[in-house]
Amino acid sequence: MAKILIIAEHFDGKVEDSTLELCKAAKSLASALGAEPAAAVFSKDGAVANEVAKYIPAVFSVEDANLEKYSADGYTAAAKAVVESQDVKGVLIAHSYYGVDFAAKLALALDCGIVSNCNKVAVEGGAPVFTRNTYNGKIQENKKVKTDKFVATFEKGAFDMEAAGGAGAVTKVAATIGAVRTTVKEIVETMAGAVDISQAKVIVAGGRGLKDGDKYKDVIIPLAKKVGGEYAASRPVVDSGWTEAARQVGQSGKSVTPDLYIAAGISGAIQHVAGMKGSKCIVAINKDPEAPIFNIATYGIVGDLFEVIPAMMENL
Amino acid sequence: MKIVVCLKQVPDMESKFKIIDEKKIDESQIAFKINDFDNYAVEAALQLKEKLGGEVVIVSAGPARAQKDVRQAFAMGADWGIQIDDPAVEAGDNYVIAEALQKAIASIGDVELVLTGVQAEDDQASVTGVMMAHLMDAPHVTNVVKLEVNGKDLTVNRELAGGKNEVINLSIPAVLAIQSGINEPRYPTLPGIMKAKKKRLDVKKAADFGASAAAKTEFIKMFIPVSEHKAEIIQGDPKTAAATLVNKLKNEAKVL
Ligand SMILES: Cc1cc2nc3c(=O)[nH]c(=O)nc-3n(C[C@H](O)[C@H](O)[C@H](O)COP(=O)(O)OP(=O)(O)OC[C@H]3O[C@@H](n4cnc5c(N)ncnc54)[C@H](O)[C@@H]3O)c2cc1C
Ligand SMILES: Nc1ncnc2c1ncn2[C@@H]1O[C@H](COP(=O)(O)O)[C@@H](O)[C@H]1O
């Protein structure tokens, strides 16, 4: 039977949450297409393949010294070997740091279409139709592939995580990995800092809408102090050096779940939202009524933060 | 070092978006600018040129309006550029664009480094650089936040989740997708803007480079997402709204 194949992602022997989300996605998509869900796991010795098998009925394991660490060359060669040895209809990959690094390469190696950064998939007329965000989440689009097979990458959180249950069958697949042209020398920490905003009950976060570093300091920090919380930032604020990296919230920063998260001058890009959507109460202050942050906020004020925040200060 | 930067012109995301016939956005309301991530790629290329010599070439696929932002990169210091102004490419998918860009780059000859942004702010695909690398049979690294060149060897940092970086070695020719924060992009100077007007910009069609890829994906439609959850928008002038908000946070949500 045709298969919907996910490529598992693991780090230090631990299976990533995004892989468990893909297990869920593969099951529902496979059943809608009359196919079977399966996973491909690439590693040095196959240990992690047994772990993935708790979440999906069939696991294809490629084991090679060159697969000890992730590489685009290694993962593409291994995935291609699995696809060619099985009847694979589609490949699902996380839109993660590793996923974006090889998914498009795999699609070209398989000579098939890729729809990347999806958040939904439905089956219409026997073919998958993908939904994805564009224009910073202000617009969504539907796409499908014109080729027989497909590759798709999915945003984190697009699906719930599959729970551990069964004991899937693990089958080894032979692959010639060939030259790996990127060598990982080491892994370094870049966000170490004295502050730990992840413990704060209240967080006041400022974004690019603050305009410059002085305004960020004059507007965001006093409000954070007044409500007894921590101040934080979106990525452009950190990129521009207005505050330190340890205060960045999002996919490449900290994940936070305070009781109150105030987002001022932040548009609500998916990578920012990934780090704060679990907050109990979210306040968005933005002059653009269509900013995606309003889709996840509890309360919103459409207006100029330079007028709204001083007025809040007067009432606190 | 001979460096190409792939630069895409994109809408300013604060624009008011309107969709025409579920097919395309109404450009009459839209201001266009350089894709933010590509600005960092231009700066990275200019810094390498300042250190190692060589040239920086901008390659962009887009309609006539894109010339404004190619010239913006010229004003920052890029040397010359190629604009692929071809409706057939515009109508294609990421693969069609990647192939056209890659063939244009091949026509330049002896390009050692190709830089892209990590993603285009409009299509958010993050595939173009990886596709070009595959077509060039060159190695690539995405999400690059640090870059050093030693002769033919590159040492780059790839951003990972949770504040970690992988330090990676590879050799040129290579494709790197540059992530924001790697540098502080410069602003064009007035003399830079004057010089930019005279710099060479070749306007081409895909066929001029022998590019002819067919799309492997099909666009169906676009729409404004309807969220199941919308914020309770607090009305009134800033003073009234702020007072209501503080009251709600204290007495309704009880989070202050
Ligand atoms: C791999 C990857 C990882 C990333 N990781 C992260 C991450 O960890 N964290 C993160 O934040 N981003 C991350 N990003 C970047 C993300 O895609 C967005 O670019 C970023 O979140 C935008 O930040 P922003 O909302 O501050 O700026 P913008 O998107 O520019 O939004 C600014 C907002 O301010 C509003 N505004 C302007 N002036 C005012 C005013 N006077 N009053 C009120 N509102 C105003 C505007 O309407 C706009 O909505 C990542 C991107 C990639 C590709
Ligand atoms: N039409 C284009 N012209 C030039 N460069 C492009 C174009 N489309 C994408 N790119 C480059 O590829 C990167 C990633 O884009 P994407 O894969 O569309 O998210 C961008 O940051 C640009 O550097």
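Coordinates for the structure precede this section.
Residues numbered from 1 in each chain as written. Chains lettered and ligands numbered in written order. Predicted model: local features only at pLDDT ≥ 70, side-chain atom pairs only at ≥ 80, totals over all residues. Heavy atoms only, no water.

**Student:** How should the site of ligand 1 be read in this particular structure?
**Tutor:** Around ligand 1, a shell composed of 33 residues is seen, among which Ser 234, Ser 252, Ser 267, Gln 271 and Asn 286 of chain A lie nearest. Residues within reach of ligand 1 are spread across chains A and B. Between ligand 1 and Ser 252 of chain A, the relevant distance is 2.7 Å, taken from a nitrogen atom to a side-chain nitrogen or oxygen of the residue. Interatomic distance of 2.7 Å between a side-chain N/O atom of Ser 267 of chain A and an oxygen atom of ligand 1. Considering ligand 1 on its own, with 990 Å² of exposed area, one finds that the protein chains cover 93% of that surface. Within the residue set of the shell around ligand 1, elements represented by two or more residues are helix H6 (235-239), helix H7 (270-273) and helix H8 (305-315) of chain A. Of the residues contributing to the shell around ligand 1, the split by class is eight nonpolar, 18 polar and seven charged. (Near = heavy atom within 4 Å. Polar contact = N/O pair within 3.5 Å; in protein donor to acceptor, adjacent residues only side chain to side chain. Areas by Shrake-Rupley, 256 points an atom, 1.4 Å probe, with all protein chains shown as cover. Helix = DSSP H or I, 4+ residues; strand = E, 2+ residues; numbered from the N terminus. Nonpolar A, V, L, I, M, F, W, Y, C, P; charged D, E, K, R; others polar.)

**Student:** Could you clarify how one ought to interpret the interface of chain B and chain A in this entry?
**Tutor:** How big an interface is tends to be stated in terms of the accessible area lost upon association of its parts. Contact residues are listed per partner, giving 82 residues for chain B and 80 residues for chain A. Buried surface at the junction of chain B and chain A, summed over both partners, amounts to about 7,200 Å²; 57% is from carbon and sulfur atoms. Contact with chain A buries surface across chain B, with Gln 124, His 134 and Lys 216 of chain B losing the most and accounting together for 9% of the total. Counting the contacts that link chain B with chain A gives eight salt bridges. Between Asp 101 of chain A and Arg 158 of chain B there is a salt bridge, with its nearest N and O atoms 3.1 Å apart. Per-element accounting of the side of chain B that touches chain A gives the leading share, ten residues, to helix H7 (residues 238-251) of chain B. Taken together, the six bridges between strand E9 (residues 139-145) of chain A and strand E14 (residues 217-223) of chain B define a ladder with antiparallel strand orientation. Looking across to E14 of chain B, one finds that Gln 140 of chain A is bridged to Phe 223 of chain B. (Contact = heavy atoms within 4.5 Å. Buried area = accessible area lost by both parts, 1.4 Å probe. Salt bridge = Lys/Arg side-chain N within 4 Å of Asp/Glu carboxyl O. Pairing = 2+ DSSP bridges.)

**Student:** Can you walk me through the pairing of strand E17 (residues 299-302) of chain A in this structure?
**Tutor:** Regular strands have side chains that alternate between both faces of the sheet. As judged from the four bridges shared by strand E16 (residues 281-286) of chain A and E17 of chain A, these two strands associate in the parallel manner. Looking at the pairing, Ala 284 of chain A lines up with Gly 300 of chain A of E17 of chain A. Where E17 of chain A lies against strand E15 (residues 232-233) of chain B, two bridges are found, and the strand directions are parallel. Within the sheet, the bridge partner assigned to Tyr 299 of chain A lies in E15 of chain B and is Glu 232 of chain B.

**Student:** I tried to follow the sheet that holds strand E12 (residues 174-178) of chain B on my own but got confused; where do I start?
**Tutor:** Strand pairing in a sheet takes place through backbone hydrogen bonds and is either antiparallel or parallel in direction. If you trace the ten strands from one edge of the open sheet to the other, you get E12(A)-E11(B)-E10(B)-E9(B)-E12(B)-E8(B)-E1(B)-E6(B)-E7(B)-E13(B), paired in mixed fashion. Because the sheet does not close on itself, it has two edges, and the strands there are strand E12 (183-189) of chain A together with strand E13 (201-204) of chain B. Adjacent strand axes in the sheet meet at a mean angle of 30°, parallel and antiparallel pairs treated alike. With five bridges connecting them, strand E1 (residues 2-6) of chain B and strand E6 (residues 55-61) of chain B associate as parallel partners. Among the inter-strand pairings, Lys 2 of chain B is bridged to a residue of E6 of chain B, identified as Glu 55 of chain B. Contacts between helix H2 (residues 67-76) of chain B and the sheet are confined to E6, strand E7 (80-84) and E13 of chain B, with E13 of chain B contributing the most and set at about 150° to the helix. (Axes fitted to C-alpha atoms, helices over the stretch in contact; angles between N-to-C directions.)

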